[in-house]
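Structural features, examined
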Amino acid sequence: MRPWLLFIVSLVYFLFCVNGYSQEEAKFDAAGLKFFESKIRPLLIQYCYECHSSDADEYEGGLSVESRQALLKGGDSGAAIVPFKPAESWLMAAIEYSDDFYQMPPESKLPPEAIAVFKKWIEMGAPDPRLAVESGDREPRVIDFEQSRNFWAFKTPQRPALPRVKNKAWVSNPIDTFILSELERSELTPAIAADRRTLIRRVTFDLTGLPPTATEINEFLADASPLAYETLVERLLASPRYGERWGRKWLDVARYADSNGLDENLAYVNAFRYRDYVVRVWNQDLSFADFLQQQLAGDLLDPQQDASPQERLDRLTATGFLSIGPKMLACDDGQKMEMDIIDEQIDTMSRAFMGLTMGCARCHDHKFDPIPSKDYYALASIFKSTKTMENFNVVARWHEYSLDTPESKAAQEKHNAAVKRLDEELAALQKESRQTLRESQQRLLAKYLIAASKFVSVNSKPIADGHNVIGNFIRDGIAVENSIVWEAEKFQRGTLQAETTNYGKEVGVLLQQGFAEYDVELEEAGDYQLELRYAAVDSRPMVLTINGTVVDTNVAAHTTGTWFADSQTWFVEGVFELSAGKNIIRLAREGGPVPHVDKILLVKAAPISSLEDLTSVLADTPTTEVDGLLLQEAEEYARGSIGKIPPIVQNTSGTTTFLNYAEYDFEITVAGNYRLEWLYTQAESRGGKLFVDGRLVDADAANAITGSFQSSEVKWFVGGVFQFAAGKHTLRWQRLGTTPHFDKIALIPTSDNVTYHSGGDHKNLAEIEDVAIAQGLHAEYLRQWVDFLLMTISQRDEPLLGLLLRDRDEQQAAFAQLGDAAEQRLRTILSAGTSSVAGDTTSKSKDDSVVQWLVTKAIAVDGPFRDPKEIDKLVAEKSQLAITAIVESKAKLTAAQPQVGKAMGVTEGKVEDLAIHIRGNYLTLGESTERGFLEVVDQVSAVPIPVEASGRMQLAQWLTDAKHPLTSRVFVNRLWLWHFGKGLQRSPDNFGLLGQRPTNQPLLDWLAVEFIEQGWSIKQMHRLMLLSSTYQMSSIFDARANHVDPENRLWWRFNRRRLDAEEVRDALLAVGNDIDLQMYGQLLSSADRAYVTGTGSKRTTYDYNRRSVYLPILRSALYNVFIAFDFADPSVIQGQRKNTVVTPQALFMMNSKLVQEEASRLAQRVLQEDVGTDSERINVLYEIVYGRMATSEDVDKCHQFLQRYRDLSTQHMDDDVSTAGDLVVWQGLCRVLLAANEFVYLD
Amino acid sequence: MAGNSQCHNFLTQPLSRRAMLQQSSVGFGSLALAGLLQDQMHNGVLAAESGQAVGDPKLARFPARAKRIIFMFMHGGPSQVDTFDYKPLLQKHDGQPYPGKKPRIVSGATGNLLGSPWKFRQYGESGLHVSDLFPHVGQMADDLCVINSIHGSNSRHGAALLELHTGSDTFVRPSLGSWLMYGLGSENQNLPGFLTICPTLGHGGVNAWSSAFLPAHYQGTPIGAASIKAEEARIHFIENKWVSSKMQRAELDFLGQVNREHLEKRDTDDVLESRIASFELAYRMQNQMPGLQDISQETEDTYKMYGINEEPTKNFGIQCLLARRFAEQGVRFIQVTHSYKWDQHGNLRDAHTKNAKEVDKPIAGLLRDLKQRGLLEDTLVWWGGEFGRTPVEQGNKNGRDHNPHACSMFLAGGGVQGGLRYGSTDDYGYYAIENKVHFHDLHATMLHLMGLDHEKLTYQYAGRDFRLTDVYGEVKHDILA
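Residues numbered from 1 in each chain as written. Chains lettered and ligands numbered in written order. Predicted model: local features only at pLDDT ≥ 70, side-chain atom pairs only at ≥ 80, totals over all residues. Heavy atoms only, no water.

1. Examining the overall build of chain A
Helices and strands together make up the secondary structure of chain A, namely 39 helices and 37 strands. Split into buried and exposed, the 1243 residues of chain A put 56% on the buried side. In chain A, of all internal contacts separated by at least 6 residues, the share reaching a separation of at least 24 is 73%. If you sum the accessible surface of chain A, you get close to 50800 Å²; carbon and sulfur atoms cover 51% of it. (Helix = DSSP H or I, 4+ residues; strand = E, 2+ residues; numbered from the N terminus. Buried < 20%, exposed > 50% of the residue type's maximum accessible area, 1.4 Å probe, protein only. Contact = heavy atoms within 4.5 Å. Areas by Shrake-Rupley, 256 points an atom, 1.4 Å probe, with all protein chains shown as cover.)

2. Digging into the interface of chain A and chain B
Taken together, the contact pairs 102 residues of chain A with 108 residues of chain B. Regarding the contact of chain A and chain B, the summed buried area is about 9200 Å², with carbon and sulfur atoms giving 57% of it. Summed over the shared surface of chain A and chain B, the number is 6 salt bridges. Across the salt bridge formed by A:Lys336 and B:Asp169, the nearest N and O atoms sit 3.9 Å from each other. Element by element, the count of residues in the side of chain A that touches chain B is highest for helix 37 (residues 1192-1212) of chain A, at 9 residues. (Buried area = accessible area lost by both parts, 1.4 Å probe. Salt bridge = Lys/Arg side-chain N within 4 Å of Asp/Glu carboxyl O.)

3. Some details on the packing of aromatic side chains
Per the stated rule, a full pass over the model turns up 69 aromatic pairs over all chains. Both rings, one in A:Trp246 and one in A:Trp978, keep their centres 6.0 Å apart while their planes meet at 75°; by these two values the pair is edge-to-face. Of this pair, A:Trp246 sits in helix 11 (residues 240-253) while A:Trp978 sits in helix 27 (residues 967-980), and the two are 732 residues apart along the sequence. The interplanar angle of 65° and the centroid separation of 5.1 Å between the aromatic rings of A:Tyr1119 and A:Phe1122 together place this pair among those described as edge-to-face. Take A:Tyr1119 and A:Phe1122: they sit in the same class, and that class is buried. By way of ring pairs, the aromatic residues A:Trp250, A:Tyr274, A:Tyr277, A:Trp282, A:Phe288, A:Phe291, A:Phe321, A:Phe353, A:Phe971, A:Phe1011 and A:Trp1016 are connected into one cluster. Lying across the ring of A:Trp398, A:Arg1089 places its NZ or CZ 4.5 Å from the centre. It is B:Arg249 that lies over the ring of B:Tyr283; its NZ or CZ is 4.7 Å from the centre. (Phe/Tyr/Trp six-rings, centres within 6.5 Å; stacked < 30°, edge-to-face > 60°. Lys NZ or Arg CZ within 6 Å of the ring centre and 35° of its normal.)

4. Some thoughts on helix 17 (residues 373-384) of chain A
Residues and elements named next belong to chain A. Over its 12 residues, helix 17 runs 15 Å from end to end, which matches the ideal 16 Å to within 8%, given 1.5 Å per residue. The buried count for helix 17 comes to 11 of 12 residues, which makes it a mostly enclosed element. Here helix 17 has its buried residues at Ser373, Asp375, Tyr376, Tyr377, Ala378, Leu379, Ala380, Ser381, Ile382, Phe383 and Lys384. In the core, the buried residues of helix 17 are packed alongside helix 15 (320-323), helix 16 (334-354), strand 1 (386-387), strand 34 (915-917) and helix 26 (952-959). (Expected span 1.5 Å × (residues − 1).)

5. Structural notes on helix 7 (residues 174-185) of chain A
All names here are of chain A. Over its 12 residues, helix 7 extends 17 Å from the first C-alpha to the last, a length consistent with the 16 Å expected when each residue adds 1.5 Å. For helix 7, a buried count of 10 out of 12 residues is recorded, marking the element as mostly surrounded by other parts of the structure. Looking at helix 7, one finds that the buried residues are Ile175, Asp176, Thr177, Phe178, Ile179, Leu180, Ser181, Glu182, Leu183 and Glu184. Residues of helix 7 that are buried in the fold lie against helix 27, helix 28 (1001-1013), helix 29 (1018-1026) and helix 30 (1029-1032). Immediately downstream of helix 7, the backbone of Glu187 shows phi near 55°, a positive value.

6. A short note on the pairing of strand 15 (residues 549-555) of chain A
Pairing of strand 14 (residues 542-546) of chain A with strand 15 of chain A, which is carried by 4 bridges, proceeds in the antiparallel orientation. Of the residues in strand 15 of chain A, the one forming a bridge with A:Met542 is A:Val555. (Pairing = 2+ DSSP bridges.)

7. Some remarks on the pattern of salt bridges
Taken as a whole and judged by the stated rule, the model has 94 salt bridges over all chains. Residue A:Arg1206 pairs with A:Asp1222 through a salt bridge whose shortest N-O separation is 2.8 Å. With a gap of 16 residues between them, A:Arg1206 in helix 37 and A:Asp1222 in helix 38 (residues 1219-1235) connect regions that are remote in the sequence. Residue B:Asp132 pairs with B:Arg121 through a salt bridge whose shortest N-O separation is 2.7 Å. Placement of the pair is B:Asp132 in the loop between strand 3 (128-131) and helix 3 (135-139) and B:Arg121 in strand 2 (residues 120-123), with a sequence separation of 11 residues. The class for B:Arg121 is partly exposed, based on a relative accessible area of 45%. Within the structure, one salt-bridge network assembled from shared partners comprises B:Glu298, B:Arg324, B:Arg325, B:Glu328, B:Asp369 and B:Arg373.

Structure follows, in structure tokens:
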């Protein structure tokens, strides 16, 4: 409810409903008043007056508690009390702490008795004798706009007349007149002109951020024309390097960065397009008015005026200005996030273009500048009506434009067509070759059936019934019989989301957080191994509950690399006891999403048969002389949950809640029998379950007692003898609870008989392959046949089951008969070239129906003759070659796929006018506003904002109106400060009352007017400033001038300056001949919206030799070289960089790899020079590094250094002082000259 | 909250250019030209160069109780009801619905009350309750000032972490350490005055130790990062890998000569002079840091005390020991970080046990060591995370959600009362309700202990005075010794 509404409601209620009281004439009985005096007044004084009475500096929240009337009127949120209705009274909500926002008193909740007293008092109708007079209602400050408009910065600049000066000869253009006039008034004279070497170094760095080359210097020195300097300036302004240097200056104002910074740091991978746009348009000398309009409203500019489709895209890209700011992307309070983003936009826009700080007005009228909250929310409404974000979720998503053009679309279509052609060719070729292959194999049906049947046996009843069993399962090539597998997304009950489309073909997975429950009917109680197949990038452990008991809190906790089908992997989760009949298996995760679980498998885990128990048999220490010994430290398990404390594997959880296990992968190269031995110690028997290749072979393994847990007591024990085929095998040991202290595990080749065997129904891949080769079959198809037969077992009503249940010999005979018959029929069908399985309609015998069924399966696309995964490797060689050729062409084509770019930017949103947020809080709304601009700027007649428009276009027009008092002044001041080191007004982002007054307002105004009249041309302003005598002064010191004007506010000399962060780096690369001048593009190797810092992310590299402007700018993780050299932190707006001298800069110069590398390259460069003497080399070095010749003193001291350093380096190094030694010595000299002040300071 | 609106007093005299430039030599927050008086170094140095007036931090100073702060930051949110906020009723009503109102803004869904899996014991003369997660810290109970009523404003890691370090959960602002450097400077001219050991780069990263709009030399200097072992952590560019130290010395001697001759041709320029000095300072720091980080000479007993000789305490133990060594050298603000582990939405029992085990002994070791060396008197030790956790469950009754409404931290030494339990939460530890201490109040109190008035320690930027506590904050005099 709006406060005023609440107020009226309470008033109406009060006047008409309650015992006929009127507010003015409230009369209370003596008891009520006594209650107030004895109970309420002391509480109010003790707890509330500090902030809500005239004792306070101001009434907090606008609320006074000094009279009944004041309480009824209330504060920002409306009436504090509603008499007789404590439940509707804000006061009660606040003191009961039942609301997040107001909790009063803020330090401590009142004692319960006091809360009860207030409640009773309100129930009594809030009797209160205090008169309204007691509370002095102070009037809020009212902004006097008329008076404010007299402030210099709010008056439209007028072109002042040129002042008179004495030394006319010094004046090159009007700038000098203004400067000289001030100097002459202070009886100062301008410094002498800088010499030509100084000047070319100064202006080259200034306009391009790079040092002049020796050739450039010599050309300039040789140019005797009076226009030599002008020619130089023109050359530099036309250089593409200019846009890189000056565009970057604007990027400081635009707080450009490649990540959102702040909390969750996500890559703004497409922000670079805004940066490239800025570099490009600065090079093109786009008028500043157009530049401004494009940045605020490029998307709204009339498309008719676009010169080209590219220009249209540039205009969309330009709006990135509003989008690339720092943002909190993770905030549970989405409304706050939105208002914070709007606030950042207002702040940036108003300071960048108007030099006004608006932030204060978010909470209250600006205390100094004439900016009421009303104006703030008028602007905020414009940005609220603009769409910057797609959503405000945790983590929020910003809007991006697609940069499609008709050309890029055409290229895309052309590409797609080419790809489609290849796909069609490929498909045709594959269809034909596959069909040939398939038919050739189908003709071998009988052989396949018989060979496969040998891998399949039925030795017990299927373990499950009634569930949506999808078949027995072949995992990693190993058939797991007596198992049930089901799809995880087909749960009986649950809150998890079943996702079947996005994570891989035919892979349905679980998503989000919550639980899933599965009902599994089992015929037999017992131990069952549970396995899960899932994909996960992060570890997302789930809680496993079986029949109501939590059995493990850490299942499915592995990571597999991706969220997708390509990394779906099976993991054994443990062995659990299940009962006969219905079991409920529950997987759950709270507080975060689940891994992408695809399938669940249960397999009966029982020892098949035990021939001999050897587990407590002591063994000799295995010796490495045994060929084929496989020895492993116990703690080096492949997977496991047993605490790793070398050299002993020991359980550290000390609890029986968890399953402790370790899995070891062994690569067996020679098939045969192996004896498992392990080294362990334990004072009590802690035998566990031993699995070999997923099959339980011993339920009480490693159970021998050594008498101690001391590591000195470890002994070797035999664990059993197993037969292994060549290939990978897995041993797994597990126990629910604490474990023996394992030390080592060994597999030793042996001729002993196996002690455990796996029942003969456990075949591995290699055997299938062997059989296939022997029979002239393809292993891939044979495996599918095994798979097919296993499935028929689980689907018990299938016709083959009867055969499979027969005795082995009988079975083989029956299969042979069946196979022959089916093969015969199939061949007929294939020869007829029809896929119909009409069959013999006359014969209805049972056998015939089985034949019919088998043929149907053999022809079915998902039957045992379905196309294997790698079918293209099985088809005829000729076809294989053709297929490979097409696949390769397609890969080439795909690599050259035209990229469709995206750009960050804003667009129109839902138009909405905001009410003032009292104290910046969206929960306390005040007066409503309408989209609009600043009231104080009344000389610009604002274009009305159409009902359906956000108003950004009109805002941009308003800002670029020639009468706007701030836009041109603020911008020319920036240009001045970027050239001269200081502005004509020295707080470039604050032209308000708290900002500085200009040191030379006539000049500032003259420039501001001139700027507009020159069509807002930035390059035109450069020419004016650079060609002035003021710019060409030397930086020479003058004691008298320094005494009069120590801060050089009058510009009596040129300000010496340090190179900025980018210049330092670029100059190092330049003198090392190592700079890559390629323009544009993104160097951040990150996916859009990917995390760029924090644990687990790839580190961003800055190891490029591209110009600094193109390096990634990551908020919260800025390149440390940039940090050291006062780069503008893009998280705080900085119109003027700081300029410090700090030790990290010295450390960088002394010790960094970059300086070392460039010093080395520079040294090589100098050593390779075709000059004879060291003196000449020193000269070359000075010319490269400082742009001047070395003096004889320079040469002498360098000589001395080289000599001394050579001695030290010889001591230091073992090898002789040869060319390598020369390099070391010259590197030392180069490093010193690069670290010296002369390199990093410009006169 | 008291009305101490900030937007009034704005202009102080800008410092003279000469004074500014003299001080521009300082780096790493403190390194000054040799011979400069300490008092001269603390003002905003280059602000005048950017044409802005600055506040005068000297106006904010008064006699201090503590000279330095060691902040042991538990990245994430340690659960207050499982550590230092004993709630018998929570145990009693385990599994029942929370009877109060859950917050309007939450970060995730939660269930019923979850009793703490850990027992609480009383320790020392004071009888402070500490859970069995912190048996070693418990031994130091009589030195601890446990505050149970801390609260912040934001329920997400990034924002809460920034608010804890800078007072703002919305914008980039100078961190507490930077404000201290601005207000007090450093005691050691050869070392950074604000060090953060193995800090996290996530959740705001560098913003947690940045100086934001304060001059750059007030920013913290990171030693390594969270992903780097404490024993391998180094300051950027502190080592020269290319030449022998004699050769480097020769280079610097020559550099000095080249620079002086350059300067002679240019008359007076303080900046150029400062830069000459900065190389000598850098060289001294480069020489001093390896020795300070070399803990091999510490005794066996010290190793044991910090748990450096064993896992899992080794890494955090080394961080804590380094903190003591830097404290001895007069470093003003030292932060150690236990990397992002304290976030148990599930697996509370195991993970909180593991986390606590990694830090319990080192924390106690540091407190004991500081005490026996007499350093605890003027060192303020501060322990805490970015928020507390809910007393209600998540993660199948084995986890808790973020909770900015109640959080426990402790202070020790440096002018606070030991053996004190200050402030309290409701019966279940969901909300701070008595003697509430907002992050702003904590900041104000810590500045007070360091001898700074948080309302007067201001810096002008973007047209108004800023302070660490914005327009909030109240010194909690009740906890002062």
